[in-house]
Amino acid sequence: AKPAGPGPFPAIVAMHGCAGLWTGSGQVSAREADWSQRLVEAGYAVVLPDSFRPRGLGALCNDRDRSLTPRGRALDALGAADWLSSQSFVAKGRTGLLGWSNGGSTVLHVAGSPEARAFRAIVAFYPGCRVILKAGWRAQAPTTILHGLADDWTPAAPCEALAAQGGASFIGYAGAFHNFDHPNLPLRERKAAFSQRPDGLVTIGTNLPAREQAIARTMATLAGR
């Protein structure tokens, strides 16, 4: 998606979460569609790589043994950046990277690699950080982690430690759960493979104050302010 006209525009690569990019009816998922519309209205071209369907995969949220990891998905983000760099409508050196949950972990893998220089700014929403924390990660590009402090799916504490260790910015939102930036998701519980709870459930849903603050922080970060 991109604004009208020839550009050149700053660009964003946006990485979906473990549920995939599409709804059951074939529409782009509400969170990704909401962010894409906002970014286009702000003057960005947006690419949302589908990591799952081209590989014959469905949602992975309930799978503990996954054939595709965030480290593997990092190649999709880098491939999208390569493609953008060859497009005449894209402003050179002005590509950012955004990801949610599993996509957030994906963009952190990119951020810790030498290839991170392809991106002006990297923003990860509620990623899982435990694996990356153990690997001695350090950010190779400006990186921001936005997390709900009440998250019982991907806990915030390892991400806060990762940011302190690796030179990233961490912003935590009190009382916010996973998917807090969703445009309209009533608070509810669902099953998930990596729940922090003994019953195997996790809490997801919109938190309007956290959503508004995170939108403002993300847009300012991507704009370089």
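Quick look at the structure, then. (Residues numbered from 1 in each chain as written. Predicted model: local features only at pLDDT ≥ 70, side-chain atom pairs only at ≥ 80, totals over all residues. Heavy atoms only, no water.)

Structural notes on the overall build of the protein chain
Summing up its helical and strand segments, the protein chain has 6 helices and 8 strands in all. Order of helices (α) and strands (β) in the protein chain, N terminus to C terminus: β-α-β-α-β-α-β-α-β-α-β-β-β-α. Taking the principal axes of the C-alpha coordinates as reference, the protein chain spans close to 50 × 40 × 35 Å. Out of the 225 residues in the protein chain, the part that is buried amounts to 54%. Here the contacts in the protein chain between residues at least 6 apart in sequence split such that 72% fall between residues at least 24 apart. Surface exposure of the protein chain reaches about 10,000 Å², of which carbon and sulfur atoms provide 54%. Each charge sign in the protein chain was given a centre, from 23 positive and 16 negative side chains, and these centres are 5 Å apart. (Helix = DSSP H or I, 4+ residues; strand = E, 2+ residues; numbered from the N terminus. Buried < 20%, exposed > 50% of the residue type's maximum accessible area, 1.4 Å probe, protein only. Contact = heavy atoms within 4.5 Å. Areas by Shrake-Rupley, 256 points an atom, 1.4 Å probe, with all protein chains shown as cover. Lys, Arg positive; Asp, Glu negative; His and termini not counted. Charge placed at Lys NZ, Arg CZ, Asp CG, Glu CD.)

Observations concerning helix α6 (residues 208-223)
Given 3.6 residues to a turn, an α-helix orients residues that are three or four positions apart in the same direction. The end-to-end C-alpha separation of α6 is 23 Å, in line with the 22 Å expected for 16 residues at 1.5 Å each. If you check which residues of α6 are buried, you get Ala 210, Arg 211, Ala 214, Ile 215, Thr 218, Met 219, Thr 221 and Leu 222. Summarising the axial view, the buried residues of α6 lie within an arc of 160°, below the 170-degree limit, and thus occupy one face. Considering only its buried residues, α6 is in contact with β1 (9-15), α1 (30-41), β3 (90-100), β4 (122-125), β5 (143-148) and β6 (169-173). Its side-chain oxygen 3.1 Å from the backbone nitrogen of Ala 210, Asn 207 forms the N-cap of α6. Backbone geometry just after α6 places Gly 224 at a positive phi near 85°. (Expected span 1.5 Å × (residues − 1). Arc of directions from axis to C-beta. Polar contact = N/O pair within 3.5 Å; in protein donor to acceptor, adjacent residues only side chain to side chain.)

Observations regarding the state of the cysteines
Enumeration according to the criterion identifies 2 disulfides in this entry. The disulfide partner of Cys 18 is Cys 61, and the S-S distance across this bridge is 2.0 Å. Disulfide Cys 18-Cys 61: the torsion about the S-S bond is 100°, which places it as right-handed. Placement of the pair is Cys 18 in the loop between β1 and α1 and Cys 61 in the loop between β2 (45-47) and α2 (70-85), with a sequence separation of 43 residues. Residue pairing for Cys 129: its cysteine sulfur links by disulfide to Cys 159, the two sulfurs lying 2.0 Å apart. Disulfide Cys 129 to Cys 159: torsion about the S-S bond roughly 95°, handedness right-handed. Separated by 30 residues along the polypeptide, Cys 129 in the loop between β4 and α4 (130-134) and Cys 159 in helix α5 (residues 156-166) bring together distant segments of the chain. When its relative accessible area of 0% is taken as the criterion, Cys 159 is described as buried. When the cysteines engaged in disulfides are numbered in sequence order, the protein chain pairs them as 1-2, 3-4. (Disulfide = S-S within 2.5 Å.)

Regarding the packing of aromatic side chains
Both the distance between ring centres and the angle between the ring planes are used here to describe each pair of aromatic rings. By the definition in use, this model includes 7 aromatic pairs. Judged by centre distance (5.9 Å) and plane angle (75°), the rings of Phe 125 and Tyr 126 are edge-to-face. The two residues Phe 125 and Tyr 126 agree in class, both being buried. The ring of Phe 89 carries the charged tip of Lys 2 above its face, separated from the ring centre by 5.4 Å. Of note, Arg 38 hangs over the ring of Trp 35, and the distance from its end group to the ring centre comes to 4.7 Å. (Phe/Tyr/Trp six-rings, centres within 6.5 Å; stacked < 30°, edge-to-face > 60°. Lys NZ or Arg CZ within 6 Å of the ring centre and 35° of its normal.)

Some words on empty space enclosed by the protein
Summed over the entire model, instances satisfying the criterion amount to 1 cavity of 30 Å³ or more. In this structure, the largest cavity occupies an estimated 40 Å³ of space. In this structure, the largest cavity is lined by Ala 11, Ile 12, Tyr 44, Arg 94, Thr 95, Gly 96, Arg 120 and Leu 222. At the level of secondary structure, the elements contributing two or more residues to the lining of the largest cavity comprise β1 and β3. The dominant element in the lining of the largest cavity, judged by the number of residues it contributes, is β3, at 3 residues. (1 Å grid on protein atoms, 1.4 Å probe; cavity = no way out; pocket = protein on both sides within 12 Å on 5 of 7 lines; lining within 4 Å. Points joined across faces, edges and corners; volume = space filled by probe spheres on them.)

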